[in-house]
Structure formats: structure tokens, C-alpha cells
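# Close look at the chain arrangement
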Amino acid sequence: MIEVINASFLKSCTTKDNMIDEGMSEIAFLGRSNVGKSSFINSLLNRKNLAKSSSTPGKTRLINFFEITYRKNQEKYLCRFVDLPGFGYAKVSKSMQEEWSKHLNNFIINRASIRVFVHLIDARHPNQTIDKNVKDFLKTIKKNDQRIIEIFTKCDKLNQKELFKLKKEFQNGIFVSNLKQNGIKQANEIIFNSIFG
Ligand SMILES: Nc1nc2c(ncn2[C@@H]2O[C@H](COP(=O)(O)OP(=O)(O)OP(=O)(O)O)[C@@H](O)[C@H]2O)c(=O)[nH]1
Ligand SMILES: [Mg+2]
């Protein structure tokens, strides 16, 4: 069994300066603003609001690092979670958005310690252009030792039939609800195994 036995906030960074060292395997969470990145991190860590979530889009504006200790069969495994600012946040100016995405892209491309990209997609809107672009981008920049995992959030908002259809369309997806805590155990296992497995 895989457990999270410790989780703590490490540091917030802007993409330009004061970046934290690359000493440890990292899992980067990315997706549209408000898709549920911070909530999902809290679900995985079984914490209420360690990663600050909010109903107001654009809550996460810095790159936030967390240090995580997993335990499996008495052994401890250390890694970091990286909560990234959501993209497509409409309330900042176009030039600000471009500036952000440029820096974020550079961060994502250059950060060799990222071992897993967790791409979060709203289960209700699985085929948005912005997510397709992200998917293509990640595929292009992905190095051999990096993995991409697609997580569909807010599955509690779908009925049985809609969820069935979604699962059929995205057979490698993981389907979660942060509200009901569905799929969280499976997500933790897949994330853990893709680094330490
Ligand atoms: N129903 C439902 N609501 C969710 C779920 N996950 C997140 N939410 C809600 O969606 C809103 C946004 O969640 P956040 O976790 O802050 O989203 P985020 O992707 O971190 O947003 P930014 O930091 O702005 O990019 C909050 O009101 C959450 O309560 C889910 O699985 N189901
Ligand atoms: Mg957030």
C-alpha cells in the first residue's frame, strides 16, 4: 500500500528568479485555470488546503513547490509536487498572459527534474483547443525519462452515461472527483509508480 506520510510547503517561485534547486524528482501539475489542480494536490496529500484552492480562477500565480514523503512497505520515498499557475486565465491582460506562458513554457521545457507531467482536464469539457495544444506541447517537449498522465477532474458533475462515454474516449485517463474523493487512491499509485516503480 502507498501512503503519503508527510507533506509540506517548500517555496513559491517566479519563473525568472529565486528558483529552487533541481535536486529531487518532481511531479508538475498543469491545466486550465480553475480545473482543480490545487484541489487535486490536496486530495492526493489528504490535506485540506495545503495548496491554496479557490473558486476564483487565477488563484495560483506562482510556481509552488511541496515536499512529499510517500511510504511503501516500510520504505520512505521523497519527491516534490509542483503546482503551476493555470493557463487561460482571462482576467489578466493579453500581454501579461503571453509573458506568463512564455516563462512557464521555458520552465517546463528546461526543468530536467520533472519526471511526470500531470495534465488536468475538466471532465465536462474534454476536447477544448487549449487542452489539445497543451497535450501536443507536452508530447513535443517530453524527454525519454518523463511521463504524461491525463487526469479528468470534476467527474462528480457527470452522470453515469457521460462518465462511461468519457472513459471510452480516453482509455488511458484517470477519472477523479476532489469533491467525492473518487479515483484519488488510483491516481496516487500511478504517480508513485511512474517515479519509483
Ligand atoms: N465539483 C467539483 N469541484 C471541484 C473539483 N475540484 C475542484 N473543484 C472546485 O473548482 C474550483 C477551483 O479549484 P482549484 O483547485 O482552486 O483550481 P486550480 O486549477 O488550482 O485553479 P488556479 O489556481 O486558478 O489555476 C474550486 O471552487 C474547487 O472547489 C471536483 O473534483 N469537483
Ligand atoms: Mg491553483
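Right above here is the structure, for reference.
So, a few notes on the structure that sits alongside this text.

Parameters and conventions
Residues numbered from 1 in each chain as written. Chains lettered and ligands numbered in written order. Predicted model: local features only at pLDDT ≥ 70, side-chain atom pairs only at ≥ 80, totals over all residues. Heavy atoms only, no water. 1 Å grid on protein atoms, 1.4 Å probe; cavity = no way out; pocket = protein on both sides within 12 Å on 5 of 7 lines; lining within 4 Å. Points joined across faces, edges and corners; volume = space filled by probe spheres on them. Nonpolar A, V, L, I, M, F, W, Y, C, P; charged D, E, K, R; others polar. Near = heavy atom within 4 Å. Polar contact = N/O pair within 3.5 Å; in protein donor to acceptor, adjacent residues only side chain to side chain. Areas by Shrake-Rupley, 256 points an atom, 1.4 Å probe, with all protein chains shown as cover. Sits in = over half its atoms within 2 Å of the grid points. Core = buried A, V, L, I, M, F, W, Y, C linked by side-chain atoms within 4.5 Å. Buried < 20%, exposed > 50% of the residue type's maximum accessible area, 1.4 Å probe, protein only. Helix = DSSP H or I, 4+ residues; strand = E, 2+ residues; numbered from the N terminus. Contact = heavy atoms within 4.5 Å. Pairing = 2+ DSSP bridges. Salt bridge = Lys/Arg side-chain N within 4 Å of Asp/Glu carboxyl O. Axes fitted to C-alpha atoms, helices over the stretch in contact; angles between N-to-C directions.

In this section: the layout of surface pockets. Roughly 560 Å³ of internal volume is contained in the largest pocket. Gly36, Ser39, Ser53, Lys154 and Asn178 are, among the 29 residues lining the largest pocket, the residues nearest its centre. Of the residues contributing to the lining of the largest pocket, the split by class is 4 nonpolar, 17 polar and 8 charged.

A separate point is the site of ligand 1. Near ligand 1 you find 22 residues, and of these Lys37, Ser39, Gly58, Thr60 and Asn178 are the closest. The side chain of Ser39 places a nitrogen or oxygen atom 2.6 Å from an oxygen atom of ligand 1. For ligand 1, an oxygen atom lies 2.7 Å from a polar atom in the backbone of Asn178. For ligand 1, whose accessible area on its own is 660 Å², the fraction buried by protein is 87%. If you map ligand 1 onto the pockets, it falls in the largest pocket. Here the residues of the shell around ligand 1 sort into 3 nonpolar, 13 polar and 6 charged.

Formed by 28 residues in total, the largest nonpolar core has its most connected members in Ile27, Phe29, Phe40, Phe81, Val118 and Ile151. Elements represented by at least two residues in this core include exactly strand 1 (2-13), strand 2 (26-31), helix 1 (37-45), strand 3 (63-72), strand 4 (75-83), strand 5 (114-122), strand 6 (147-153) and helix 5 (184-196). Ignoring any residue separated from it by four or fewer positions in sequence, one finds Phe29 in contact with Lys37, Phe40, Ile41, Leu44, Phe81, Val82, Asp83, Leu84, Val118, Leu120 and Ile191. Counting 17 residues, the second largest nonpolar core, distinct from the first, contains Ala28, Ile108, Ile114 and Val134.

Of note, the phi angle at Asn73 is positive, near 45°, even though the residue is not glycine. Turning to its location among the elements, Asn73 is positioned in the loop between strand 3 and strand 4. One non-glycine residue, Lys154, lies in positive phi territory at about 60°. If you trace the backbone, Lys154 turns up in the loop between strand 6 and helix 4 (160-169).

Along any regular strand the residues' side chains alternate between the sheet's two faces. Of all the 10 residues making up strand 3, 7 are buried; the element is thus mostly covered by neighbouring parts of the structure. Sheet analysis places strand 3 next to strand 4, joined by 9 bridges and oriented antiparallel. Each residue of the ladder has a partner; that of Tyr70, found in strand 4, is Tyr77. Hairpin geometry of strand 3 and strand 4 is characterised by an intervening segment of 2 residues between the two adjacent antiparallel strands and by a positive phi of about 45° at Asn73.

It is worth spelling out the pattern of salt bridges at this point. The tally for this structure, following the rule as stated, stands at 7 salt bridges. Ionic pairing is found between Glu3 and Arg71, a salt bridge with its closest N-O pair at 3.3 Å. Highlighted residues: Glu3 in strand 1 and Arg71 in strand 3, separated in sequence by 68 residues. The partner of Glu26 in a salt bridge is Arg111, and the shortest N-O contact between them spans 2.9 Å. A residue pair is termed long-range when its members are at least 10 positions apart, and Glu26 in strand 2 and Arg111 in the loop between helix 2 (94-110) and strand 5 qualify at 85 residues. Of the two residues examined, Glu26 and Arg111, each falls in the buried class. Taken together, the salt bridges that share partners define one network made up of Asp21, Glu26, Arg80 and Arg111.

On to the sheet that holds strand 3. Hydrogen bonds between backbone atoms are what pair the strands of a sheet, whose relative direction is either parallel or antiparallel. As summarised here, the arrangement of the 7 strands in space is 1-3-4-2-5-6-7, forming an open sheet in which the pairing is mixed. For this open sheet the edge positions go to strand 1 and strand 7 (174-175), each flanked by a neighbour on one side alone. Across 4 bridges, strand 2 lies against strand 4 in parallel orientation. Each bridged residue has a counterpart across the sheet, and for Glu26 the counterpart in strand 4 is Arg80. Helix 3 (residues 129-141) contacts strand 2, strand 5 and strand 6 of the sheet and is inclined by roughly 165° relative to strand 5.

The quantities given are spatial measurements derived from coordinates; they are silent on function.
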